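Chains, contacts and geometry: an overview
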Amino acid sequence: MQDVVNGFIALGNGDANAAAHLWLEALVHAPDSAPLRGAVHNNAGVAFFIGAKTGEAAEQFAQAEQFWRQALEEIAALDVPIGSRSSVFHLRLAMDHQEALTELRRRRLLEACAAAQAITRHNARLMLGEPAEHPAAAQVDVLATAFGAECAEVQLLRQSASSADVRAAYRRKAELVENGAPVRAGFSGELECAARLTALLHPAVLSRAEIE
């Protein structure tokens, strides 16, 4: 998934075209995982939108939405395991409170998936030209719950952000994604990674250049 990370780095450097090419390349090598495919298709939609190919962008956002719904279904049926690296104390705690801890982990996965889904929907609305204020409050709440109140996504939703602020937010996003690599094995690890890899588009990056 290095192409996805490099795409965030490119946006941090103000090069939207490079990000678009990298995210379309990532689409070619999309893994067989619902959440990771959700992230890859979302980012491909962003790439096509950057290149003013709105038909292709809409198709990619729709596919991403389907994968997020599939991931939500998988979470509902998931038996969340206790981490193999847990200390004896934490293993004992988990054994005594297994149901509560399982529900807590499941809720965190649901929050991550909801945030990724909100990003895809934001991108699709932006492509359709809906007013910037339309998603603001509810979307910020969902993203802040999953990623923190000062996350890059919340910063990007502040429409008053300058171009320098936007680039800084994408650089911060790239650093956070790199610090979270590699993808942990299993559905839970894939979902947590996918949420981090899902790109929220700020209007300032749109260059409308042709993508070959």
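The structure displayed is predicted, hence computed values, not measured ones. (Residues numbered from 1 in each chain as written. Predicted model: local features only at pLDDT ≥ 70, side-chain atom pairs only at ≥ 80, totals over all residues. Heavy atoms only, no water.)

1. Things to note about the overall build of the protein
Within the protein, the secondary structure is distributed over ten helices and zero strands. For the protein, the sequential pattern of α-helices and β-strands runs α-α-α-α-α-α-α-α-α-α. Sorting the 212 residues of the protein into buried and exposed places 43% on the buried side. Long-range pairs, those at least 24 residues apart, make up 67% of the contacts in the protein between residues at least 6 apart in sequence. (Helix = DSSP H or I, 4+ residues; strand = E, 2+ residues; numbered from the N terminus. Buried < 20%, exposed > 50% of the residue type's maximum accessible area, 1.4 Å probe, protein only. Contact = heavy atoms within 4.5 Å.)

2. A closer look at helix H10 (residues 187-197)
Of all eleven residues making up H10, eight are buried, and the element is well covered by its neighbours. By the burial criterion, the buried members of H10 are Phe187, Ser188, Gly189, Leu191, Cys193, Ala194, Ala195 and Leu197.

3. Section: helix H3 (residues 34-50)
With 17 residues, H3 should cover 24 Å at 1.5 Å per step; its first-to-last C-alpha distance of 24 Å lies within 8% of that length. Counted residue by residue, H3 has 16 buried out of 17 residues, so it is predominantly covered. One or two residues past the end of H3 sits Ala52, with phi positive at roughly 65 degrees. (Expected span 1.5 Å × (residues − 1).)

4. Focus: unusual backbone geometry
Although it is not a glycine, Ala52 sits at a positive phi angle of roughly 65 degrees. Mapped onto the elements of the fold, Ala52 is located in the loop between H3 and helix H4 (54-76).

5. Regarding the nonpolar core
The biggest cluster of nonpolar side chains holds 52 residues, and the ones touching the most others in it are Phe8, Trp23, Tyr170 and Leu197. The set of elements that each furnish at least two residues to this core consists of helix H1 (2-12), helix H2 (16-28), H3, H4, helix H6 (98-127), helix H8 (152-157), helix H9 (163-180) and H10. No other element matches the eight residues that H3 contributes to this core. When sequence neighbours within four positions are dropped, the list of residues in contact with Trp23 reads Asp3, Val4, Gly7, Phe8, Leu11, Asn43, Ala44, Val46, Ala47 and Ala199. (Core = buried A, V, L, I, M, F, W, Y, C linked by side-chain atoms within 4.5 Å.)

6. Describing the confidence of the model for the protein
Here the protein averages 85 in pLDDT, while 81% of its residues score no lower than 70. Looking at the elements of the protein, mean pLDDT is at its lowest for helix H5 (residues 88-96), recorded as 54, and at its highest for H3, recorded as 97. (pLDDT = per-residue confidence, 0-100.)

7. Here we look at the environment of Leu156
Following the sequence through the fold, Leu156 ends up in helix H8. It is 7.7 Å that separates the C-alpha atoms of Leu156 and Leu200, two residues lying 44 residues apart in sequence. Among all residues touching Leu156, those that are not within four sequence positions of it are Val166, Ala169, Tyr170, Leu200 and His202.

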